[in-house]
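Below are the chains, spelled out letter by letter.
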Amino acid sequence: MRRVGTAVWLGLRALAHLSPCKERSPLISVSGDVSTSVLANTTPFSARKLLTRLRLKALAFIVRDLRLFKFLLPILVLTPGLAQAQTAQAPSPDIQRQRIEQLQELIRTKKDLQESLLKMQQTTQQQLAEFDARIAALEASLGVTPSQDKPAQANPDAVAVIPPKDKPAQGNPDTSVSTAALASPGGTVYDKSSESYVQSTSAKEEKLGPFPYVAGKGFILARGANGEVDFSTKGYVRYLNQLDLAPTFTDAFGRTTVLDLRQDIQLNRLQVILHGWLFDERFRYFWYAWTQNPSQGDPAQVVVGGNLSYQFSDALKATAGIFSLPSTRSTAQSFPNWLRIDHRSMADEFFRGSYIQGYMLNGELTDTLDYKVALAGNLSALGVSASQLDNCLCTVSSMLYWMPTTGEFGPGQGFGDYEEHEEPATLLGVHYTYSREDAQEQPGVNAFENSQIRLSDGTLLFEPNAFNTGGMINKATYDMLDLDAGIKWKGWSLEAEYYFRWLDDFQVTGIIPVTSLFDHGFQVYASTMLKPDYWQGYVSGSKIFGQYGDPWDLAVGLTYFPFGRKEVRTNFQALYMDRSAVGYTAVPYVVGGTGWVFTVDVGTWF
């Protein structure tokens, strides 16, 4: 306490020496030879000088006894602030209000900037993810090694909006896009190869996320330097009403049959597909499980199959496994790009080949000329075991397409101009198929996607007593020529095929009335996009000219695409048939049926 008192005393002394007075500053005045010092100027006492001297005195004292520093430090530190507080004046209410308003405006501006930056970041990430998806699709189409750049991470629910004019392709995604793809005048990119269905993904919006969707491929489940796994599926529910058909049918030989007419709702097809490439993008796999509920209990109602392929060049791709013979346009890997939902015209069903196990070569001979050649054991392998086949590869099928104007004819060379070509797209094609067949190699009547050789009244060629003479054909040679032509322009399409079939070289048990058979016929499709992307109408018909009857059919249909995309559709169709020459549970036809059949199909194809 004594030391504190000493410090206070020194402070008071310092104040005493600086008591209120006037400082003198000398001013020299010269008068003659006398010099006089006068009080020339005085200034009021300065608080700043007082504080300065007080600090100096206190510092001198502290130097003498540092133990007092802890008591004087707060005084020395707070003194300038106290002096300023004494001289500062409180702001007026108007100034305070202005400052509050400025503060609020700054806070709002900061918040707006933060929101803008966040939106910009999200938009940038979304655009980067979109570019990654486009790059991946183009790399896959060009057959190059995928980029090693890490994809941008985007909100899985974000949607990249792209101009909606062009449409995605559809089809068998086991096939790859050729590097010779052409751009149509409308900006849509198609592969020229007749079996490629991948279309430019830059023309449609895509849902981004951990499993991006690419049109024509499906959802990409995994992708890396060693391969890719894609998932796709095709399936639909069908309402079928055959009750308007005549209940009985009499064939060309006077035999009457009571028809089994149906009205039901069925999951008519379900195909689950895993496909992609392994180690080299040129080496591709295509594995699937395929079933039809209406055929449950029939032979081959469930199929597990697929194929492997290797792309040597644009001119040569080799495929081995199960695939459809390129005997007509509908079996040349154009599915599901059809106008009728998952069924063909009567004539096409009557003349075509089917799904087989074998080898196929295909490619592009020129920018406008494509080919396919297939080798197999018979016309239809589904529902037929290996022990039923002859030990020879006795089936050959080939196809040649010329597309003179645009070098393409839409996805898979399918039917209808959903893509709306800005310039006329044209196609001229020829198919030829040869096969040596026997009764054992023919699938059952209701086998899945079967193809039996029939007479033009619907009678099976290899059926016992087929001609009602007691005789039976055991072996026969099948030759079929198909001429194909079509044009598409601005949503309109007109397409036709003409078929010629020869059956001869019969090996017979008993007696039959013929040594050879010749049948021919045609189909015609006409369609238009009533509303681009959403509504498509069509009319189609076919006729068979045969030795045992001339059956025909006519269909009128309307298809609705609810999402403005080809992958999801609803179809309404009225089909009239006259003495149908084909029929089994997977299609609306009944052998011998005459009258109307109505269908409503709802499904997905991607």
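Refer to the structure presented above.
Here's the deal with the overall build of the protein
Regarding its fold elements, the protein presents five helices and 26 strands. Expressed as a percentage of the 606 residues in the protein, the buried residues total 48%. Partitioning the intrachain contacts of the protein with sequence separation of at least 6 by distance along the chain shows that 65% fall at a separation of at least 24. Surface exposure of the protein reaches about 29000 Å², of which carbon and sulfur atoms provide 63%.

Notes on the environment of T459
With respect to the helices, strands and loops of the structure, T459 is situated in the loop between β19 (425-438) and β20 (472-489). The spatial distance from the C-alpha of T459 to the C-alpha of G592 is 9.3 Å, given a sequence separation of 133 residues. In this structure, T459 is in contact with D251, F253, R255, I453, R454 and A466, ignoring residues within four places of it in sequence. In terms of polar contacts, T459 uses its side chain to reach the side chain of D457, at 2.9 Å.

Side note on the side chain of K566
Inspection of the secondary structure puts K566 in the loop between β24 (552-560) and β25 (568-578). With a relative accessible area of 6%, K566 lands in the buried category. Here N337 takes part through its side chain, which lies 2.9 Å from a polar atom of the side chain of K566.

A short note on the state of the cysteines
The full count for this structure, using the stated rule, is one disulfide. The disulfide bridge from C392 ends at C394, spanning 1.8 Å between sulfur atoms. Here the disulfide of C392 and C394 is left-handed, its torsion about the S-S bond being about -115°. By relative accessible area, C394 is classed as buried at 18%.

So, the pattern of salt bridges
Per the counting criterion, the structure on display carries 19 salt bridges. A single salt-bridge network, built from bridges that share partners, covers K217, R223, E228 and D230.

Examining the nonpolar core
Among soluble globular proteins, nonpolar side chains are generally buried collectively. One finds L461, F467, I473, F506 and L517 to be the most contacted residues of the largest nonpolar core, which totals 45 residues. Within the residue set of this core, elements represented by two or more residues are α5 (346-351), β16 (355-364), β17 (369-376), β20, β21 (492-509) and β25. Dropping the residues within four chain positions of it, I473 is found in contact with L461, F462, F467, F506, Q507, V508 and I512. Grouped together as the second largest cluster of nonpolar side chains are nine residues, F335, W338, F415 and Y538 included.

Some thoughts on the environment of A555
Mapping A555 onto the fold places it in strand β24. Put simply, A555 and F598 are 43 residues apart on the chain and 9.7 Å apart in space, counted from C-alpha to C-alpha.

So, the pairing of β21
Bridge analysis of β20 against β21 gives 16 bridges, and the strand direction is antiparallel. From the neighbouring strand, L481 faces β21, where its bridge partner is F500. The turn linking β20 back onto β21 is made up of two residues, and K490 within it adopts a positive phi angle of 50°. Sheet topology places β21 next to strand β22 (residues 517-531); 12 bridges connect them, and they run antiparallel. The residue bridging Y499 from the neighbouring strand is G521, located in β22.

Procedures and definitions
Residues numbered from 1 in each chain as written. Predicted model: local features only at pLDDT ≥ 70, side-chain atom pairs only at ≥ 80, totals over all residues. Heavy atoms only, no water. Helix = DSSP H or I, 4+ residues; strand = E, 2+ residues; numbered from the N terminus. Buried < 20%, exposed > 50% of the residue type's maximum accessible area, 1.4 Å probe, protein only. Contact = heavy atoms within 4.5 Å. Areas by Shrake-Rupley, 256 points an atom, 1.4 Å probe, with all protein chains shown as cover. Polar contact = N/O pair within 3.5 Å; in protein donor to acceptor, adjacent residues only side chain to side chain. Disulfide = S-S within 2.5 Å. Salt bridge = Lys/Arg side-chain N within 4 Å of Asp/Glu carboxyl O. Core = buried A, V, L, I, M, F, W, Y, C linked by side-chain atoms within 4.5 Å. Pairing = 2+ DSSP bridges.

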